[in-house]
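Here's the letter readout for the chains.
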Amino acid sequence: MQSDGGATSMEIEKLAPEGKHASLAPKPRFAPLKAHEISDGQIQFRKINVPRHRYTPLKKAWMEIYTPIMDQMGIDIRMNPKARKVELKTRPDTPDASNLQKCADFVSAFMMGFEPKDAVALLRMDELYVDTFEIKDVKTLRGEHLSRAIGRLSGKGGKTKIAIENSTKTRIVIADTKIHILGSFANIKIARTSLCSLILGSPAGKVYSKLRSVTARLAEMF
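Owing to the predicted nature of the structure, the values given are computational and were not obtained by experimental measurement.

Chemist: Lay out the side chain of T90 with the relevant residues and their values.
Modeler: On the secondary structure map, T90 appears in strand β3 (residues 85-90). For T90, a relative accessible area of 2% puts it in the buried group. With residues near it in sequence (within four places) discarded, T90 still touches I43, Q44, I75 and L100.

Here it is as structure tokens:
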């Protein structure tokens, strides 16, 4: 009787691991959700205002804006001339829900004054964004003092602005007293520091030398 019981217990011990493996179900594999599925099938919209001074440039550069948004990002775009707004919306075949916001940032960057060939980088790279500040945020200037500060930012023939752009790998738009910078976080910080120094009255030569040392240090880090 004992031998039979022993044999039975041995059989149970051998069968237990097999039963354990057999009970595990295969992991389910779900296809990635599309943009309209994430929002419960609802179409999402964005509307971007068109300033008066950007209406004509928008007409000229429309196809440069329209093509990457429609073909690459899978977002519908149209111009509403009555409301003077660019309207964006998702489609059932939009590959990613974040594409709508990327396209809105791209169009907004163009409205700020960036060229389409520069602003299109916002569609392709996640770490880029636009930073905006005003001269009065740095120092309160009026009259000729303000005009001279804007002149220092641009330089003769835009020389200073181009030098800062090339050194920091950013793009800068000076729109009256507003300054827009397109680039990565670290590069925007360096460009903004240089522009603030110019606003505060630093000579261009001193700003160039600081810029060279900072960009060299940044290149060593990466």
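Chemist: Which residues make up the packing of aromatic side chains, and what values go with them?
Modeler: Inspection of the entire model under this criterion finds one aromatic pair. Judged by centre distance (6.3 Å) and plane angle (35 degrees), the rings of W62 and Y66 are tilted. With W62 and Y66 both in helix α4 (residues 62-72), this residue pair falls four residues apart, about one helical turn. The ring of F110 has R54 lying over it, and the distance from NZ or CZ to the ring centre is 4.5 Å. Across the ring face of F133, the terminal group of R192 is positioned such that the distance to the ring centre comes to 4.3 Å.

Chemist: How would you explain the pairing of β3 if you had to name every residue and give the values?
Modeler: Where strand β1 (residues 45-49) and β3 come together, five bridges link them in antiparallel fashion. Bridge pairing links R46 to L88 in β3. Examined bridge by bridge, strand β2 (residues 75-80) and β3 share six bridges and lie antiparallel to one another. From the neighbouring strand, M79 faces β3, where its bridge partner is V86. In sequence, β2 turns back onto β3 through a hairpin of four residues, with R84 there showing a positive phi of about 55 degrees.

Chemist: Lay out the sheet that holds β1 in plain terms, naming residues and giving numbers.
Modeler: Taken in spatial order, the three strands make up an open sheet running β1-β3-β2, and their pairing is antiparallel. Lying at the two open borders of the sheet, with one neighbouring strand each, are β1 and β2. Neighbouring strand axes in the sheet, compared pairwise and without regard to direction, differ in orientation by 20 degrees on average. Where helix α5 (residues 99-112) meets the sheet, it contacts β1, β2 and β3, and its direction lies at approximately 5 degrees from that of β1.

Conventions used here
- Residues numbered from 1 in each chain as written.
- Predicted model: local features only at pLDDT ≥ 70, side-chain atom pairs only at ≥ 80, totals over all residues.
- Heavy atoms only, no water.
- Helix = DSSP H or I, 4+ residues; strand = E, 2+ residues; numbered from the N terminus.
- Buried < 20%, exposed > 50% of the residue type's maximum accessible area, 1.4 Å probe, protein only.
- Contact = heavy atoms within 4.5 Å.
- Phe/Tyr/Trp six-rings, centres within 6.5 Å; stacked < 30°, edge-to-face > 60°.
- Lys NZ or Arg CZ within 6 Å of the ring centre and 35° of its normal.
- Pairing = 2+ DSSP bridges.
- Axes fitted to C-alpha atoms, helices over the stretch in contact; angles between N-to-C directions.

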